[in-house]
Amino acid sequence: MPAKKAADSGKAAVEKAAAGRGAAKEPAAKEPVRKGAAARKPESRTALVRRARRINRELAEIYPYAHPELDFENPFQLVVATVLSAQTTDLRVNQTTPALFAKYPTPEDLAAADPEEVEEILRPTGFFRAKTKSVMGLSKALVEEFGGEVPGRLEDLVKLPGVGRKTAFVVLGNAFGRPGITVDTHFQRLVRRWRWTEATEPDKIEAAVGGLFPKSDWTMLSHHVIFHGRRICHARKPACGACPIAPLCPAYGEGETDPEKAKKLLKYEKGGFPGQRLNPPQSYLDAGGRPAPPLGAG
């Protein structure tokens, strides 16, 4: 075959092959570049456990003073304060409970109280009528069924009026030293952002996350995650640019990524502001935290 004819034939063959591979198609639009862990391939179970535990270790270094942000001196005060914290801030509860516990220091006292007087004290916490009914009801149950003592078992705590699994685990973990995961709104938001689970129901989130960590870590894990949610990884505008665990976060970029702008979004002691407890642990104060002002302090 003459050289020119062979070349032409070869060129046609190449063009035909290219057409068969879809060369005539328009190039696909490029996917946006994702930062952080989201740029990686789907995680194996082992990789997820490693990343989750690394996040917890990082948070433990960021918040070495993490603690319950409700003031309490005993299990009774903690269970009441936790019930009151629904639909309000821990700060507002901490500003309100000193007057409540000064007047009604025991379950017996609160169970026998005048509901209208309790309502007036609890008014600043919102939903004060329902909360009055709950705290007086649980106080009565403690007196009648548990000898005036807060029980240290999950199955007993959840029988008390106004006490669900979240409240029960707060009490078990912080008043009795028994491990539990507190699935509040902050916890739910962050573990989903971190892709630890896709579950939306609290009990399923609790089970999924609990399976990633040893039981001994559960209580402090809850504090670390909730602290981070309140201070940096906010619901509406997370401070991504000021987040120390950004390289591990699949949701990096959902919030403000500019470091200087992100710093302005930081809350509580991370932003230089008071915390939520009037009487915080000494470790929090040693780390530069400031206690919250009492009710009416301005």
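All figures in this text were calculated on a predicted structure; none of them were measured in a lab.

1. Describing the overall build of the chain
Step number 1: Of regular secondary structure, the chain possesses 14 helices and zero strands.
Step number 2: Start at the N end of the chain and walk to the C end: the helices and strands fall as α-α-α-α-α-α-α-α-α-α-α-α-α-α.
Step number 3: Looking at the chain residue by residue over its 298 residues, the buried ones come to 45%.
Step number 4: If you take every contact in the chain between residues at least 6 apart in sequence, the share linking residues at least 24 apart comes to 59%.

2. What to know about the pattern of salt bridges
Step number 1: The full count for this structure, using the stated rule, is 15 salt bridges.
Step number 2: Of the charged contacts in the structure, one is a salt bridge between E43 and R51, with a shortest N-O distance of 2.7 Å.
Step number 3: Of the residues examined, R51 reaches a relative accessible area of 5% and is grouped as buried.
Step number 4: Notably, a salt bridge pairs E155 with R153, separated by 3.2 Å at the nearest N-O pair.
Step number 5: R153 gets classed as partly exposed once you look at its relative accessible area, which sits at 45%.

3. Some details on helix 7 (residues 128–146)
Every α-helix winds through 3.6 residues per turn, so residues three or four apart in the chain are directed the same way.
Step number 1: Taking 1.5 Å of rise per residue, the 19 residues of helix 7 would be expected to cover 27 Å, and the 25 Å separating its terminal C-alpha atoms lies within 8% of that figure.
Step number 2: Its buried side turned inward, helix 7 meets helix 3 (75–84), helix 5 (107–111) and helix 6 (115–122).
Step number 3: One or two positions beyond helix 7, positive phi appears at G147, with a value near 65 degrees.

4. Focus: the side chain of R231
Step number 1: Of note, R231 is situated in helix 12 (residues 218–231).
Step number 2: Overall, the relative accessible area of 0% leaves R231 in the buried class.
Step number 3: At 2.8 Å, the side chain of R231 forms a polar contact with the side chain of E269.
Step number 4: Discounting residues that sit within four places of it in the chain, R231 has contacts with Y63, E69, L265, L266, K267, Y268, E269 and K270.

5. A look at the side chain of Q95
Step number 1: Here Q95 is to be found in helix 4 (residues 90–103).
Step number 2: For Q95, the side chain forms a polar contact with the side chain of R92, separated by 3.3 Å.
Step number 3: Residues within four places of Q95 in sequence aside, it is in contact with L278, P293, P294 and L295.

6. Comments concerning the packing of helix 10 (residues 185–193) against helix 11 (residues 202–210)
Step number 1: Two elements in contact, helix 10 and helix 11, have axes whose closest approach is 11 Å; the angle formed by their N-to-C orientations is 55 degrees. Looking at the two axes, helix 10 sits oblique to helix 11. For the pair helix 10 and helix 11, the sense of crossing is left-handed. For the pair helix 10 and helix 11, the contacting residues are F187, Q188 and V191 in the first and P202, I205 and V209 in the second.

Cut-off values and rules
Residues numbered from 1 in each chain as written. Predicted model: local features only at pLDDT ≥ 70, side-chain atom pairs only at ≥ 80, totals over all residues. Heavy atoms only, no water. Helix = DSSP H or I, 4+ residues; strand = E, 2+ residues; numbered from the N terminus. Buried < 20%, exposed > 50% of the residue type's maximum accessible area, 1.4 Å probe, protein only. Contact = heavy atoms within 4.5 Å. Salt bridge = Lys/Arg side-chain N within 4 Å of Asp/Glu carboxyl O. Expected span 1.5 Å × (residues − 1). Polar contact = N/O pair within 3.5 Å; in protein donor to acceptor, adjacent residues only side chain to side chain. Axes fitted to C-alpha atoms, helices over the stretch in contact; angles between N-to-C directions. Parallel < 35°, antiparallel > 145°, perpendicular 65-115°, else oblique. Left-handed = near helix turned anticlockwise from the far one by under 90°.

Interpretation note: all reported values are geometric properties and have no functional meaning in isolation.
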